[in-house]
Amino acid sequence: MARRDDILRRKQAYDDAVNKQKEEESRYRKAEWNVMKGVEELVLQKIGKTSLNLDVSVDRAWGTGLEVRINNGTNPHDDQALNWNWQVKMTKDGDVKKDSGSWSGLSAITSEQIANLKESVRVIEILNNLDWKNLLTVELPNYSDYIKTELPEQENFDQQLVEADVEDAAEQGLLIKGHGYKMYAPRATVFYNVLNMTDKSFRVQEVHEDDLSDESRWGSPYTIRKDKFFEVIDKPIKTAEV
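Residues numbered from 1 in each chain as written. Predicted model: local features only at pLDDT ≥ 70, side-chain atom pairs only at ≥ 80, totals over all residues. Heavy atoms only, no water.

Another point: the pairing of strand β7 (residues 201-208). Where burial is concerned, most of β7 is hidden: seven out of the eight residues are buried. Of the strand pairs in this sheet, strand β6 (residues 189-197) and β7 are connected by seven bridges, and their pairing is antiparallel. Its bridge partner lying in β7, Val-194 is registered against Val-204. Counting the residues in the hairpin turn of β6 and β7 gives three residues. Bridging between β7 and strand β8 (residues 222-225) involves four bridges; their strand directions are antiparallel. In the strand pairing of β8, Val-204 is matched with Tyr-222. (Buried < 20%, exposed > 50% of the residue type's maximum accessible area, 1.4 Å probe, protein only. Helix = DSSP H or I, 4+ residues; strand = E, 2+ residues; numbered from the N terminus. Pairing = 2+ DSSP bridges.)

Right, here's the structure in full:
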């Protein structure tokens with residue numbers, strides 16, 4: 001049991017570190033979101049009250065800080081005169097790069113559509129004239145300032161626990177339940193008597209469940225690779241006394 005207890009202690013330490021790091025990452029994402037939300041709200045404030053169905057999103061641009069993307073709807077069946085998108089980001093050299101586009105055709109045959117188009121022009125003109133260099137020059141949270149927990153080396157704890165249970169059972173002279181491998185068909189329920197083990201293999205006897213009480217009917221010993229043995233035994237480990 002000492003082996004199992006040691007594995008469980010290491011597993012608990014690893015799980016605790018993972019949970020702590022997740023909490024740190026959550027705080028980091030929240031701090032990042034607050035900065036981006038502030039930029040989003042400032043852009044909407046600059047635009048002011050509008051009848052457009054604006055969507056403003058702020059995200060990190062690849063290696064260049066922040067990128068702001070704005071559109072006035074993506075529904076092809078809405079009443080917009082023109083569905084457009086507009087984006088801006090800072091280049092690595094500190095220059096402001098703007099781009100815009102439209103995926104819909106122009107619909108400007110009613111007074112409502114013309115008013116909608118004028119409002120789009122008003123908003124795009126505001127966007128184009130904003131001091132984006134100042135707006136996008138914000139201090140983003142530093143990942144290393146939030147993520148302090150280092151994870152222990154990752155181990156296959158579940159496999160280690162199975163191995164420990166098998167070794168404990170073998171040392172106690174217990175039979176280990178599984179399904180047939182060499183002496184019986186895979187559908188048969190059998191028990192394995194582990195006679196000895198090395199780093200890579202086990203020496204076992206394969207015993208049909210009906211023959212547990214009659215050792216004279218137990219199969220001849222054979223060697224099986226450890227990885228294969230762990231495939232043919234039940235998990236969690238089930239044992240029986242000889």
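There's more to say after this.
As summarised here, the arrangement of the five strands in space is β8-β7-β6-β5-β9, forming an open sheet in which the pairing is antiparallel. The sheet is open, and its two edges are formed by β8 and β9 (239-240), each paired on a single side. The pairing of strand β5 (residues 175-179) with β6 spans four bridges and is antiparallel. Opposite Ile-176, over in β6, you have Tyr-192 as the bridge partner. Packing against the sheet, helix α5 (residues 157-171) makes contact with β5, β6, β7 and β9, and its axis sits at approximately 80 degrees to β6. (Contact = heavy atoms within 4.5 Å. Axes fitted to C-alpha atoms, helices over the stretch in contact; angles between N-to-C directions.)

Let us look at the packing of aromatic side chains. This structure, assessed with the given rule, holds nine aromatic pairs. Ring geometry for Phe-202 versus Phe-229: centroids 4.8 Å apart, planes at 50 degrees, classification tilted. In this pair, Phe-202 sits in strand β7 while Phe-229 sits in helix α6 (residues 226-232), placing the two residues 27 residues apart along the sequence. For Phe-229, a relative accessible area of 0% translates into the label buried. (Phe/Tyr/Trp six-rings, centres within 6.5 Å; stacked < 30°, edge-to-face > 60°.)

Moving on to the pairing of strand β3 (residues 84-90). Burial of β3 is extensive: five of the seven residues sit out of reach of the surface. Two elements, strand β2 (residues 65-71) and β3, share five bridges in a ladder whose sense is antiparallel. Paired with Val-68 across the two strands is Val-88, which belongs to β3. Relative to strand β4 (residues 96-102), β3 is paired through seven bridges, and the arrangement is antiparallel.

Let's shift gears to the environment of Asp-158. With respect to the helices, strands and loops of the structure, Asp-158 is situated in helix α5. Residue class for Asp-158 comes out exposed when judged on its relative accessible area of 52%. When the C-alpha atoms of Asp-158 and Ile-7 are compared, they prove to be 9.1 Å apart, with 151 residues separating the residues in sequence.

What follows deals with the environment of Phe-191. Secondary-structure assignment places Phe-191 in strand β6. The class of Phe-191 is buried, set by a relative accessible area of 8%. Taking C-alpha positions, Phe-191 is 4.3 Å from Lys-177, a pair spaced 14 residues apart along the chain. With near-sequence residues (within four places) excluded, Phe-191 lies in contact with Leu-175, Ile-176, Lys-177, Gln-205, Glu-206, Val-207, Glu-209, Leu-212, Thr-239 and Ala-240.

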